[in-house]
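Secondary and tertiary structure notes
Now for the letters of each chain:
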Amino acid sequence: MRRILNAKKQGRENSTDYSDRNYLRTSWHYRRRVFGRRCKYRTMNNACKKLAFASTALLLFLAFIKSFDPTTRTLNLRTESVAKGYPTEIDYSKTYDVCTVGAGLSGTVFAERYANVLNKRVLVMDIRPHVGGNCYDYYDDQTGILMNKYGAHLFHTNSEKAWKYLNMHPNAPKWERWDHEVKGWVNGKLVPIPANINTVNRLFDKSIKSEEEMKNWLKSVQISCPKKGCQNAEQMAKSRVGEELYEAIFHQYTIKQWAKEPKELDALVTARIPLRTNFDNRYFGDRYQALPSKGYTAWFDALLDNPLIDVALSTNYFDHKAHLDKVCKKLIYTGPIDRFFGDSGLGKLEYRSIDFVEERYFNSGFMQPMPVVNYPGNDVQFTRVVEYKHFLNQKSPHTILVKEFSKSTGDPYYPVPNEKNQKLYDKYKKLATEAEASKALDVHFVGRLANYKYFNMDATIENALNMFHDIAGHPEMRDMPGLFDKGASKKNMAYDDSIS
(Lines give C-alpha, C1' and ligand atoms only; values in the text may rest on other atoms or scores of the structure.)
Protein backbone atom coordinates (compact mmCIF):
# COMPACT_ATOMS: atom_id res chain seq x y z
CA MET A 1 0.00 0.00 0.00
CA ARG A 2 2.90 2.32 0.66
CA ARG A 3 3.77 2.22 -3.04
CA ILE A 4 0.29 3.42 -4.03
CA LEU A 5 0.32 6.30 -1.58
CA ASN A 6 3.83 7.33 -2.55
CA ALA A 7 2.97 7.11 -6.24
CA LYS A 8 0.02 9.43 -5.76
CA LYS A 9 2.04 11.84 -3.66
CA GLN A 10 4.76 11.98 -6.31
CA GLY A 11 2.19 12.64 -9.02
CA ARG A 12 2.79 9.43 -11.00
CA GLU A 13 -0.91 8.68 -10.89
CA ASN A 14 -3.35 10.92 -12.72
CA SER A 15 -4.37 12.98 -9.70
CA THR A 16 -7.36 14.53 -11.49
CA ASP A 17 -8.83 11.17 -12.50
CA TYR A 18 -10.27 9.89 -9.23
CA SER A 19 -12.30 7.22 -11.00
CA ASP A 20 -12.99 3.53 -10.40
CA ARG A 21 -10.73 2.61 -13.31
CA ASN A 22 -7.81 4.43 -11.71
CA TYR A 23 -8.62 2.79 -8.36
CA LEU A 24 -8.52 -0.68 -9.95
CA ARG A 25 -5.27 0.09 -11.73
CA THR A 26 -3.52 1.06 -8.52
CA SER A 27 -5.05 -1.94 -6.75
CA TRP A 28 -3.61 -4.24 -9.46
CA HIS A 29 -0.13 -2.87 -8.86
CA TYR A 30 -0.62 -3.42 -5.16
CA ARG A 31 -1.68 -7.04 -5.75
CA ARG A 32 1.38 -7.68 -7.89
CA ARG A 33 3.68 -6.28 -5.24
CA VAL A 34 2.17 -8.29 -2.38
CA PHE A 35 2.02 -11.61 -4.16
CA GLY A 36 5.13 -11.10 -6.27
CA ARG A 37 7.23 -11.59 -3.16
CA ARG A 38 5.75 -15.00 -2.58
CA CYS A 39 5.07 -16.16 -6.14
CA LYS A 40 7.09 -15.22 -9.19
CA TYR A 41 4.62 -14.64 -12.01
CA ARG A 42 6.57 -16.57 -14.65
CA THR A 43 6.92 -19.67 -12.46
CA MET A 44 3.66 -19.62 -10.50
CA ASN A 45 2.53 -22.92 -9.01
CA ASN A 46 -1.16 -23.77 -8.79
CA ALA A 47 -1.46 -22.60 -5.19
CA CYS A 48 -0.02 -19.20 -6.07
CA LYS A 49 -2.27 -18.88 -9.11
CA LYS A 50 -5.35 -19.65 -6.99
CA LEU A 51 -4.21 -17.14 -4.39
CA ALA A 52 -3.60 -14.45 -7.00
CA PHE A 53 -6.98 -15.12 -8.64
CA ALA A 54 -8.75 -14.95 -5.27
CA SER A 55 -6.99 -11.70 -4.39
CA THR A 56 -8.01 -10.14 -7.71
CA ALA A 57 -11.64 -11.17 -7.20
CA LEU A 58 -11.58 -9.75 -3.69
CA LEU A 59 -10.14 -6.44 -4.88
CA LEU A 60 -12.74 -6.20 -7.63
CA PHE A 61 -15.49 -6.78 -5.06
CA LEU A 62 -13.99 -4.19 -2.69
CA ALA A 63 -13.75 -1.70 -5.54
CA PHE A 64 -17.41 -2.27 -6.34
CA ILE A 65 -18.40 -1.68 -2.72
CA LYS A 66 -16.07 1.31 -2.45
CA SER A 67 -17.74 2.97 -5.42
CA PHE A 68 -20.78 3.53 -3.23
CA ASP A 69 -18.89 5.21 -0.40
CA PRO A 70 -19.93 8.88 -0.54
CA THR A 71 -16.76 10.05 1.17
CA THR A 72 -14.30 8.47 -1.28
CA ARG A 73 -16.01 7.82 -4.61
CA THR A 74 -17.59 10.23 -7.04
CA LEU A 75 -18.65 8.29 -10.13
CA ASN A 76 -21.91 6.75 -8.93
CA LEU A 77 -22.85 9.78 -6.88
CA ARG A 78 -22.53 12.10 -9.87
CA THR A 79 -24.48 9.67 -12.05
CA GLU A 80 -27.25 9.47 -9.45
CA SER A 81 -27.43 13.27 -9.23
CA VAL A 82 -27.69 13.61 -12.99
CA ALA A 83 -30.17 10.72 -13.15
CA LYS A 84 -32.57 12.70 -10.96
CA GLY A 85 -33.31 14.47 -14.21
CA TYR A 86 -35.54 17.35 -13.21
CA PRO A 87 -37.28 18.87 -16.26
CA THR A 88 -36.22 22.28 -17.54
CA GLU A 89 -39.60 23.14 -19.03
CA ILE A 90 -43.10 23.73 -17.69
CA ASP A 91 -45.79 21.37 -18.91
CA TYR A 92 -48.36 23.79 -20.28
CA SER A 93 -51.05 21.10 -20.31
CA LYS A 94 -51.22 20.95 -16.51
CA THR A 95 -52.91 23.05 -13.86
CA TYR A 96 -51.77 23.36 -10.26
CA ASP A 97 -53.22 24.08 -6.86
CA VAL A 98 -49.99 25.77 -5.81
CA CYS A 99 -46.94 27.11 -7.67
CA THR A 100 -43.77 28.05 -5.81
CA VAL A 101 -41.21 30.38 -7.34
CA GLY A 102 -37.92 29.14 -5.94
CA ALA A 103 -36.68 25.64 -5.03
CA GLY A 104 -34.81 26.73 -1.92
CA LEU A 105 -35.86 26.13 1.68
CA SER A 106 -39.03 28.25 1.67
CA GLY A 107 -40.34 27.00 -1.68
CA THR A 108 -39.53 23.38 -0.89
CA VAL A 109 -41.19 23.48 2.55
CA PHE A 110 -44.37 24.91 1.03
CA ALA A 111 -44.37 22.35 -1.79
CA GLU A 112 -43.78 19.42 0.56
CA ARG A 113 -46.47 20.55 3.02
CA TYR A 114 -49.13 21.21 0.38
CA ALA A 115 -48.47 17.84 -1.25
CA ASN A 116 -48.15 15.68 1.87
CA VAL A 117 -50.60 17.39 4.21
CA LEU A 118 -53.29 18.57 1.80
CA ASN A 119 -52.73 16.32 -1.27
CA LYS A 120 -52.44 19.33 -3.55
CA ARG A 121 -50.75 19.39 -6.94
CA VAL A 122 -47.67 21.63 -6.82
CA LEU A 123 -45.28 23.11 -9.35
CA VAL A 124 -41.82 24.16 -8.08
CA MET A 125 -39.75 26.27 -10.44
CA ASP A 126 -36.31 27.81 -10.12
CA ILE A 127 -34.20 29.96 -12.42
CA ARG A 128 -31.12 28.01 -11.37
CA PRO A 129 -30.30 24.55 -12.82
CA HIS A 130 -30.64 22.80 -9.45
CA VAL A 131 -32.82 22.51 -6.36
CA GLY A 132 -31.76 23.57 -2.87
CA GLY A 133 -31.26 27.29 -3.37
CA ASN A 134 -28.12 28.54 -1.65
CA CYS A 135 -27.91 25.25 0.29
CA TYR A 136 -27.13 23.33 -2.90
CA ASP A 137 -24.10 21.06 -2.70
CA TYR A 138 -22.40 18.62 -5.05
CA TYR A 139 -19.46 16.25 -5.37
CA ASP A 140 -16.49 17.89 -7.03
CA ASP A 141 -15.50 16.01 -10.19
CA GLN A 142 -11.76 16.21 -9.62
CA THR A 143 -11.50 15.38 -5.92
CA GLY A 144 -14.70 13.60 -4.91
CA ILE A 145 -15.24 16.15 -2.12
CA LEU A 146 -18.78 17.18 -1.18
CA MET A 147 -18.93 20.98 -1.20
CA ASN A 148 -21.44 23.83 -1.23
CA LYS A 149 -21.68 25.97 -4.33
CA TYR A 150 -22.77 29.11 -2.50
CA GLY A 151 -20.73 29.01 0.69
CA ALA A 152 -20.66 26.70 3.70
CA HIS A 153 -24.04 26.05 5.34
CA LEU A 154 -24.10 24.80 8.94
CA PHE A 155 -27.48 23.98 10.43
CA HIS A 156 -27.99 24.98 14.06
CA THR A 157 -31.13 25.67 16.07
CA ASN A 158 -32.91 25.72 19.40
CA SER A 159 -36.26 25.46 17.62
CA GLU A 160 -38.03 22.16 18.22
CA LYS A 161 -40.29 22.94 15.27
CA ALA A 162 -37.41 23.37 12.80
CA TRP A 163 -35.50 20.37 14.19
CA LYS A 164 -38.56 18.14 14.00
CA TYR A 165 -39.21 19.12 10.39
CA LEU A 166 -35.60 18.55 9.45
CA ASN A 167 -35.59 14.96 10.69
CA MET A 168 -39.11 13.66 10.08
CA HIS A 169 -38.83 12.66 6.42
CA PRO A 170 -38.24 8.89 6.22
CA ASN A 171 -36.57 8.88 2.78
CA ALA A 172 -34.29 11.84 3.44
CA PRO A 173 -30.65 11.50 4.57
CA LYS A 174 -30.05 11.36 8.29
CA TRP A 175 -28.51 14.38 9.96
CA GLU A 176 -25.21 13.96 11.77
CA ARG A 177 -24.09 16.00 14.76
CA TRP A 178 -21.51 18.59 13.75
CA ASP A 179 -20.22 21.22 16.17
CA HIS A 180 -18.77 23.90 13.94
CA GLU A 181 -15.57 25.71 14.89
CA VAL A 182 -14.06 28.75 13.21
CA LYS A 183 -10.68 30.38 13.63
CA GLY A 184 -9.74 33.92 12.68
CA TRP A 185 -6.37 35.13 11.43
CA VAL A 186 -6.03 38.29 13.54
CA ASN A 187 -2.83 40.32 13.84
CA GLY A 188 -0.74 37.32 12.83
CA LYS A 189 -2.42 34.96 15.28
CA LEU A 190 -4.97 32.18 14.82
CA VAL A 191 -7.72 32.69 17.40
CA PRO A 192 -11.21 31.29 18.05
CA ILE A 193 -14.18 33.04 16.45
CA PRO A 194 -16.48 34.09 18.05
CA ALA A 195 -14.33 35.73 20.67
CA ASN A 196 -13.99 33.79 23.91
CA ILE A 197 -11.52 33.62 26.79
CA ASN A 198 -8.89 32.02 24.54
CA THR A 199 -9.30 34.82 21.98
CA VAL A 200 -8.88 37.62 24.52
CA ASN A 201 -5.92 35.96 26.25
CA ARG A 202 -4.10 35.39 22.99
CA LEU A 203 -4.77 38.77 21.37
CA PHE A 204 -4.26 40.98 24.41
CA ASP A 205 -1.83 38.92 26.50
CA LYS A 206 -4.34 38.41 29.30
CA SER A 207 -4.59 35.55 31.77
CA ILE A 208 -8.35 35.24 32.18
CA LYS A 209 -9.19 31.82 33.58
CA SER A 210 -12.88 31.83 34.47
CA GLU A 211 -16.24 32.95 33.13
CA GLU A 212 -16.60 35.44 35.97
CA GLU A 213 -13.25 37.03 35.09
CA MET A 214 -14.25 37.21 31.43
CA LYS A 215 -17.53 38.94 32.26
CA ASN A 216 -15.69 41.41 34.45
CA TRP A 217 -13.19 42.13 31.67
CA LEU A 218 -16.01 42.72 29.20
CA LYS A 219 -17.74 45.11 31.60
CA SER A 220 -14.51 47.06 31.91
CA VAL A 221 -14.19 47.60 28.14
CA GLN A 222 -17.79 47.79 26.92
CA ILE A 223 -19.08 51.15 25.71
CA SER A 224 -22.72 51.58 26.61
CA CYS A 225 -25.32 52.33 23.97
CA PRO A 226 -26.91 55.81 23.94
CA LYS A 227 -30.06 56.27 26.01
CA LYS A 228 -32.21 55.62 22.93
CA GLY A 229 -30.39 52.34 22.34
CA CYS A 230 -27.70 51.35 19.84
CA GLN A 231 -28.50 53.03 16.53
CA ASN A 232 -25.99 51.25 14.29
CA ALA A 233 -23.69 48.24 14.00
CA GLU A 234 -20.64 50.08 15.39
CA GLN A 235 -22.40 51.13 18.57
CA MET A 236 -23.85 47.65 19.01
CA ALA A 237 -20.47 45.94 18.58
CA LYS A 238 -18.68 48.28 20.98
CA SER A 239 -21.44 47.83 23.54
CA ARG A 240 -20.73 44.12 23.49
CA VAL A 241 -16.96 43.78 23.05
CA GLY A 242 -15.37 47.20 23.57
CA GLU A 243 -13.00 49.20 21.36
CA GLU A 244 -10.03 46.80 21.09
CA LEU A 245 -11.96 43.68 20.09
CA TYR A 246 -14.12 45.79 17.78
CA GLU A 247 -11.07 47.02 15.89
CA ALA A 248 -9.38 43.61 15.87
CA ILE A 249 -12.32 41.49 14.68
CA PHE A 250 -15.37 43.52 13.65
CA HIS A 251 -14.43 46.79 12.00
CA GLN A 252 -12.51 45.85 8.85
CA TYR A 253 -14.41 42.58 8.43
CA THR A 254 -17.71 44.48 8.35
CA ILE A 255 -16.34 46.89 5.72
CA LYS A 256 -15.20 43.97 3.55
CA GLN A 257 -18.52 42.17 3.97
CA TRP A 258 -20.85 45.12 3.38
CA ALA A 259 -18.70 47.77 1.66
CA LYS A 260 -19.92 50.22 4.31
CA GLU A 261 -18.69 51.49 7.62
CA PRO A 262 -20.41 49.70 10.54
CA LYS A 263 -21.97 53.00 11.61
CA GLU A 264 -23.86 53.02 8.29
CA LEU A 265 -25.51 49.65 9.04
CA ASP A 266 -28.36 48.56 11.25
CA ALA A 267 -27.47 47.48 14.79
CA LEU A 268 -28.80 43.98 14.04
CA VAL A 269 -25.75 43.28 11.84
CA THR A 270 -23.47 42.94 14.88
CA ALA A 271 -26.20 42.01 17.36
CA ARG A 272 -26.50 38.53 15.83
CA ILE A 273 -22.76 37.74 16.07
CA PRO A 274 -22.14 35.36 19.00
CA LEU A 275 -19.83 36.10 21.91
CA ARG A 276 -18.50 33.66 24.51
CA THR A 277 -17.62 34.29 28.14
CA ASN A 278 -16.07 30.82 28.55
CA PHE A 279 -13.61 28.54 26.76
CA ASP A 280 -16.19 27.13 24.32
CA ASN A 281 -14.54 27.24 20.86
CA ARG A 282 -17.72 26.29 18.98
CA TYR A 283 -19.16 28.88 16.62
CA PHE A 284 -22.76 28.16 17.67
CA GLY A 285 -24.19 27.46 21.09
CA ASP A 286 -27.47 25.95 19.90
CA ARG A 287 -28.81 22.68 21.26
CA TYR A 288 -29.06 21.10 17.81
CA GLN A 289 -26.17 21.33 15.35
CA ALA A 290 -25.95 19.02 12.36
CA LEU A 291 -25.11 18.38 8.71
CA PRO A 292 -27.03 16.10 6.31
CA SER A 293 -25.08 12.85 6.02
CA LYS A 294 -25.42 12.73 2.22
CA GLY A 295 -25.53 16.43 1.56
CA TYR A 296 -28.19 19.12 1.33
CA THR A 297 -29.13 18.36 -2.27
CA ALA A 298 -30.03 14.77 -1.39
CA TRP A 299 -32.23 16.09 1.42
CA PHE A 300 -34.06 18.46 -0.95
CA ASP A 301 -34.43 15.68 -3.52
CA ALA A 302 -36.14 13.50 -0.91
CA LEU A 303 -38.61 16.22 0.09
CA LEU A 304 -39.55 16.90 -3.53
CA ASP A 305 -39.89 13.20 -4.39
CA ASN A 306 -43.68 13.12 -4.54
CA PRO A 307 -45.93 12.34 -7.54
CA LEU A 308 -47.96 15.46 -6.69
CA ILE A 309 -44.90 17.72 -7.09
CA ASP A 310 -43.53 18.80 -10.47
CA VAL A 311 -40.18 20.58 -10.68
CA ALA A 312 -38.98 22.81 -13.53
CA LEU A 313 -35.38 24.06 -13.31
CA SER A 314 -33.56 26.70 -15.39
CA THR A 315 -37.01 28.27 -15.60
CA ASN A 316 -37.64 31.97 -15.19
CA TYR A 317 -41.06 32.55 -13.66
CA PHE A 318 -41.40 35.92 -15.38
CA ASP A 319 -40.99 34.31 -18.82
CA HIS A 320 -44.12 32.24 -18.09
CA LYS A 321 -46.02 34.61 -15.82
CA ALA A 322 -49.00 35.15 -18.14
CA HIS A 323 -49.56 31.39 -18.43
CA LEU A 324 -48.91 30.61 -14.75
CA ASP A 325 -51.32 33.29 -13.58
CA LYS A 326 -54.03 31.26 -15.32
CA VAL A 327 -53.07 27.72 -14.25
CA CYS A 328 -51.82 28.33 -10.67
CA LYS A 329 -54.58 28.75 -8.08
CA LYS A 330 -52.05 29.97 -5.51
CA LEU A 331 -48.57 31.44 -5.95
CA ILE A 332 -45.79 31.30 -3.33
CA TYR A 333 -43.11 33.78 -4.36
CA THR A 334 -39.67 33.47 -2.70
CA GLY A 335 -37.58 35.62 -5.05
CA PRO A 336 -36.46 39.25 -4.69
CA ILE A 337 -39.49 41.39 -3.95
CA ASP A 338 -38.21 44.29 -6.06
CA ARG A 339 -38.05 41.97 -9.07
CA PHE A 340 -41.69 40.97 -8.64
CA PHE A 341 -42.74 44.63 -8.60
CA GLY A 342 -40.18 45.67 -11.18
CA ASP A 343 -42.71 47.78 -13.06
CA SER A 344 -43.49 49.90 -10.01
CA GLY A 345 -40.64 52.31 -10.67
CA LEU A 346 -39.55 52.27 -7.03
CA GLY A 347 -35.99 51.23 -7.81
CA LYS A 348 -33.79 48.35 -6.70
CA LEU A 349 -33.10 47.20 -3.20
CA GLU A 350 -29.46 46.71 -2.29
CA TYR A 351 -28.00 43.23 -1.86
CA ARG A 352 -24.55 41.80 -1.27
CA SER A 353 -23.23 38.89 -3.27
CA ILE A 354 -20.12 36.71 -3.12
CA ASP A 355 -17.40 35.60 -5.52
CA PHE A 356 -16.15 32.08 -4.78
CA VAL A 357 -12.57 31.39 -5.91
CA GLU A 358 -11.59 27.72 -5.81
CA GLU A 359 -8.06 26.42 -5.35
CA ARG A 360 -7.40 22.67 -5.70
CA TYR A 361 -4.45 20.93 -4.11
CA PHE A 362 -3.77 17.38 -5.22
CA ASN A 363 -2.21 14.77 -2.94
CA SER A 364 -1.81 17.40 -0.26
CA GLY A 365 -3.85 16.29 2.74
CA PHE A 366 -5.32 19.32 4.51
CA MET A 367 -4.33 22.95 3.98
CA GLN A 368 -5.84 24.53 7.11
CA PRO A 369 -6.58 23.26 10.62
CA MET A 370 -10.38 23.56 10.43
CA PRO A 371 -13.16 24.00 7.87
CA VAL A 372 -13.38 27.80 8.06
CA VAL A 373 -10.76 30.47 8.74
CA ASN A 374 -11.95 34.09 8.82
CA TYR A 375 -9.73 36.99 7.77
CA PRO A 376 -11.06 40.10 9.56
CA GLY A 377 -8.14 42.35 8.59
CA ASN A 378 -7.68 44.51 5.50
CA ASP A 379 -4.39 42.83 4.53
CA VAL A 380 -6.35 40.50 2.22
CA GLN A 381 -9.54 41.14 0.24
CA PHE A 382 -11.33 37.84 0.96
CA THR A 383 -13.43 37.45 4.09
CA ARG A 384 -12.89 33.76 4.76
CA VAL A 385 -11.45 30.52 3.39
CA VAL A 386 -13.43 27.27 3.50
CA GLU A 387 -11.90 23.79 3.24
CA TYR A 388 -14.87 21.49 2.67
CA LYS A 389 -13.05 18.21 3.19
CA HIS A 390 -13.20 18.81 6.96
CA PHE A 391 -17.00 18.64 7.04
CA LEU A 392 -18.17 15.17 8.12
CA ASN A 393 -14.51 14.04 7.97
CA GLN A 394 -14.46 13.30 4.25
CA LYS A 395 -11.74 11.05 2.86
CA SER A 396 -9.75 12.19 -0.16
CA PRO A 397 -6.03 12.57 -0.86
CA HIS A 398 -6.84 15.96 -2.39
CA THR A 399 -8.41 19.10 -1.05
CA ILE A 400 -10.11 22.34 -2.13
CA LEU A 401 -9.89 25.80 -0.63
CA VAL A 402 -12.62 28.29 -1.48
CA LYS A 403 -11.91 31.97 -0.88
CA GLU A 404 -14.93 34.24 -0.52
CA PHE A 405 -14.92 37.81 -1.80
CA SER A 406 -17.92 39.99 -0.98
CA LYS A 407 -19.27 42.15 -3.83
CA SER A 408 -22.25 44.30 -4.78
CA THR A 409 -23.26 42.55 -8.03
CA GLY A 410 -24.33 38.99 -8.80
CA ASP A 411 -26.82 36.65 -7.15
CA PRO A 412 -28.52 38.39 -4.21
CA TYR A 413 -27.42 36.73 -0.94
CA TYR A 414 -27.68 39.29 1.83
CA PRO A 415 -30.12 42.21 2.13
CA VAL A 416 -28.18 45.33 3.14
CA PRO A 417 -29.75 46.48 6.43
CA ASN A 418 -29.71 50.25 6.60
CA GLU A 419 -32.30 53.02 6.84
CA LYS A 420 -32.37 53.78 3.12
CA ASN A 421 -33.10 50.18 2.13
CA GLN A 422 -35.61 49.71 4.93
CA LYS A 423 -37.63 52.70 3.77
CA LEU A 424 -37.62 51.39 0.20
CA TYR A 425 -38.60 47.92 1.34
CA ASP A 426 -41.50 49.37 3.32
CA LYS A 427 -42.89 50.66 0.03
CA TYR A 428 -42.52 47.22 -1.56
CA LYS A 429 -44.08 45.62 1.50
CA LYS A 430 -47.12 47.83 1.03
CA LEU A 431 -47.43 46.63 -2.57
CA ALA A 432 -47.05 43.02 -1.39
CA THR A 433 -49.77 43.48 1.23
CA GLU A 434 -52.10 44.93 -1.40
CA ALA A 435 -51.30 42.07 -3.80
CA GLU A 436 -51.98 39.44 -1.12
CA ALA A 437 -55.32 41.07 -0.33
CA SER A 438 -56.30 41.36 -4.00
CA LYS A 439 -58.55 38.75 -5.56
CA ALA A 440 -56.81 39.13 -8.91
CA LEU A 441 -53.98 36.75 -7.92
CA ASP A 442 -53.66 34.60 -4.79
CA VAL A 443 -49.99 35.40 -4.12
CA HIS A 444 -47.90 35.23 -0.95
CA PHE A 445 -44.36 36.51 -0.37
CA VAL A 446 -42.17 34.18 1.66
CA GLY A 447 -38.51 33.96 2.65
CA ARG A 448 -35.36 36.03 2.88
CA LEU A 449 -35.45 37.75 -0.52
CA ALA A 450 -39.20 38.30 -0.60
CA ASN A 451 -39.23 39.71 2.94
CA TYR A 452 -35.88 41.51 2.54
CA LYS A 453 -34.74 40.07 5.85
CA TYR A 454 -31.81 37.85 6.77
CA PHE A 455 -32.97 34.43 8.02
CA ASN A 456 -30.79 31.58 9.22
CA MET A 457 -31.82 28.19 7.85
CA ASP A 458 -33.81 27.23 10.93
CA ALA A 459 -35.66 30.57 10.91
CA THR A 460 -36.40 30.10 7.20
CA ILE A 461 -37.93 26.68 7.86
CA GLU A 462 -39.96 27.86 10.84
CA ASN A 463 -41.15 30.95 8.96
CA ALA A 464 -42.30 28.81 6.02
CA LEU A 465 -44.08 26.32 8.30
CA ASN A 466 -45.87 29.07 10.20
CA MET A 467 -46.93 30.83 7.00
CA PHE A 468 -48.12 27.58 5.43
CA HIS A 469 -50.21 26.83 8.50
CA ASP A 470 -51.84 30.27 8.33
CA ILE A 471 -52.29 30.46 4.55
CA ALA A 472 -53.67 26.91 4.29
CA GLY A 473 -56.30 27.53 6.97
CA HIS A 474 -54.63 25.85 9.98
CA PRO A 475 -54.72 22.24 8.76
CA GLU A 476 -53.89 19.40 11.12
CA MET A 477 -50.29 18.28 10.76
CA ARG A 478 -50.18 14.85 12.32
CA ASP A 479 -46.50 14.41 11.53
CA MET A 480 -45.69 17.41 13.77
CA PRO A 481 -47.77 16.66 16.88
CA GLY A 482 -48.11 19.41 19.45
CA LEU A 483 -46.23 21.98 17.40
CA PHE A 484 -49.24 23.46 15.60
CA ASP A 485 -52.05 22.61 18.00
CA LYS A 486 -54.30 25.26 19.48
CA GLY A 487 -52.34 27.27 21.97
CA ALA A 488 -48.97 26.43 20.37
CA SER A 489 -46.71 29.45 19.88
CA LYS A 490 -46.81 31.06 16.45
CA LYS A 491 -43.70 33.13 17.09
CA ASN A 492 -40.65 32.38 14.99
CA MET A 493 -38.45 31.25 17.87
CA ALA A 494 -35.56 30.51 15.54
CA TYR A 495 -35.54 34.08 14.20
CA ASP A 496 -35.85 35.51 17.71
CA ASP A 497 -32.83 33.42 18.76
CA SER A 498 -30.78 34.68 15.81
CA ILE A 499 -31.11 38.34 16.83
CA SER A 500 -31.10 38.00 20.62
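Refer to the structure presented above.
Residues numbered from 1 in each chain as written. Predicted model: local features only at pLDDT ≥ 70, side-chain atom pairs only at ≥ 80, totals over all residues. Heavy atoms only, no water.

Topic: the packing of aromatic side chains
For any pair of aromatic rings, the description rests on two quantities: the centre-to-centre distance and the angle between the ring planes. This is how the line gets drawn: Pairing of aromatic rings covers Phe, Tyr and Trp, the last through its six-membered ring, and needs centres within 6.5 Å; plane angles under 30 degrees mean stacked, over 60 mean edge-to-face, and all others mean tilted. Note on conventions: DSSP H or I runs of at least 4 residues are helices, E runs of at least 2 residues are strands, and numbering of each starts at the N terminus. Each residue is assigned to one of three classes by its accessible area relative to the maximum for its type, calculated with a 1.4 Å probe on protein chains only: buried under 20%, partly exposed between the two thresholds, exposed over 50%.
Evaluated as defined, the whole model comprises 32 aromatic pairs. With centroids separated by 5.8 Å and ring planes inclined at 85 degrees, the aromatic side chains of W175 and W299 adopt a geometry described as edge-to-face. With W175 in strand β6 (residues 175-177) and W299 in helix α11 (residues 296-304), this residue pair connects regions lying 124 residues apart in the sequence. Overall, W175 belongs to the buried group, its relative accessible area being 11%. Among the aromatic side chains, those forming a connected cluster through ring pairs are F155, W163, Y165, W175, Y288, Y296, W299 and F300.

With respect to the packing of helix α7 (residues 197-204) against helix α8 (residues 211-221)
The condition that has to hold: To get an axis, a line is fitted to the C-alpha atoms, and for a helix only the part in contact is used. The angle between two axes follows their N-to-C directions and goes from 0 to 180 degrees. Should an angle lie under 35 degrees it is considered roughly parallel, over 145 roughly antiparallel, and from 65 to 115 roughly perpendicular; all remaining angles are considered oblique. Here a crossing is called left-handed whenever its near helix is offset anticlockwise from the far helix by less than a right angle, and right-handed whenever the offset is clockwise. Note on contacts: a residue pair qualifies if any of its non-hydrogen atoms lie within 4.5 Å across the two residues. Note on residue classes: Ala, Val, Leu, Ile, Met, Phe, Trp, Tyr, Cys and Pro are nonpolar, Asp, Glu, Lys and Arg are charged, and everything else, Gly too, is polar.
For the pair α7 and α8, interaxial distance at closest approach is 10 Å and the crossing angle is 60 degrees. In this view, α7 runs oblique relative to α8, as classed from their interaxial angle. Regarding α7 and α8, the two cross each other, and that crossing is left-handed. Contacts between α7 and α8 involve I197, V200 and F204 from the first element and E211, M214 and W217 from the second. Residue composition of the contact of α7 with α8, by class: five nonpolar, no polar and one charged.

Description of the state of the cysteines
Heads up, the condition is: The disulfide criterion used throughout: a pair of cysteine sulfur atoms within 2.5 Å.
The tally for this structure, following the rule as stated, stands at two disulfides. The disulfide partner of C99 is C328, and the S-S distance across this bridge is 1.9 Å. Taking the torsion about the sulfur-sulfur bond, which here is approximately -75 degrees, the covalent link between C99 and C328 counts as left-handed. Taken together, the residues C99 in strand β1 (residues 98-101) and C328 in the loop between α12 (321-327) and β11 (331-333) connect sequence positions 229 residues apart. In this model C225 forms its disulfide with C230; the gap between the sulfur atoms is 1.6 Å. Classification of the bridge connecting C225 and C230 rests on its S-S torsion, roughly -60 degrees, and on that basis the disulfide is left-handed.

Concerning the pattern of salt bridges
Let me state the cut-off plainly: Just to be clear on terms, a salt bridge is a Lys or Arg side-chain nitrogen sitting within 4 Å of an Asp or Glu carboxyl oxygen.
Scanning all chains against the criterion turns up 23 salt bridges. Across the pair R282 and D179 runs a salt bridge, and its minimum N-O distance is 3.1 Å. With R282 in the loop between α10 (268-271) and β9 (288-292) and D179 in the loop between β6 and β7 (182-186), this residue pair connects regions lying 103 residues apart in the sequence. E350 serves as the salt-bridge partner of K260, at 3.4 Å between the closest nitrogen and oxygen. Placement of K260 in the loop between α9 (233-258) and α10 and of E350 in the loop between α13 (337-340) and β12 (351-361) is noted, with a sequence separation of 90 residues between them.

Here we look at the packing of α8 against α9
The interhelical angle for the contact between α8 and α9, taken along N-to-C directions, is 75 degrees, at an axis separation of 7 Å. With respect to α9, the element α8 is oriented roughly perpendicular. Along its contact with α8, which presents W217, L218 and V221, the element α9 presents R240, V241, G242, E243 and L245. Of the residues in the contact of α8 with α9, the class split is five nonpolar, one polar and two charged.

Considering the sheet that holds strand β16 (residues 414-415)
Convention followed: Only strands that DSSP links by at least two bridges are regarded as paired with each other.
Ordered in space as β8-β7-β13-β14-β15-β12-β16, the seven strands form an open sheet in which the pairing is mixed. Lying at the two open borders of the sheet, with one neighbouring strand each, are β8 (189-193) and β16. In the sheet, β12 pairs with strand β15 (residues 399-407) via nine bridges, with the strands oriented antiparallel. Within β15, the residue paired with E359 across the bridge is L401. Contacts between α7 and the sheet are confined to β7 and β8, with β8 contributing the most and set at about 155 degrees to the helix.

What to know about the nonpolar core
The line we're drawing: Buried Ala, Val, Leu, Ile, Met, Phe, Trp, Tyr and Cys residues that are joined via side-chain atoms within 4.5 Å together make up what is termed a nonpolar core.
If you look at the biggest cluster of nonpolar residues, it comprises 77 residues, and the most contacted ones within it are F155, Y165, L245, I249, W299 and F391. Here this core gets seven residues from one element, more than from any other, and that element is α9. In this view, F391 contacts A152, L154, W178, H180, L291, P371, V372 and V386; residues no more than four positions away in its chain are not counted. Core analysis: the next-biggest nonpolar cluster, separate from the first, contains 34 residues, C99, L265, L424 and F445 among them.

Examining the side chain of R352
Which entries qualify depends on this criterion: Positive: Lys, Arg. Negative: Asp, Glu. His and the chain ends are not part of the count.
Note that R352 resides in strand β12. For the buried R352, no salt bridge is present, and the opposite-charge side chain at shortest range is E350, 5.9 Å distant. Excluding residues within four positions of it along the chain, R352 makes contact with K256, Q257, W258, A259, S406, K407, S408, D411, P412, Y413, Y414 and V416.

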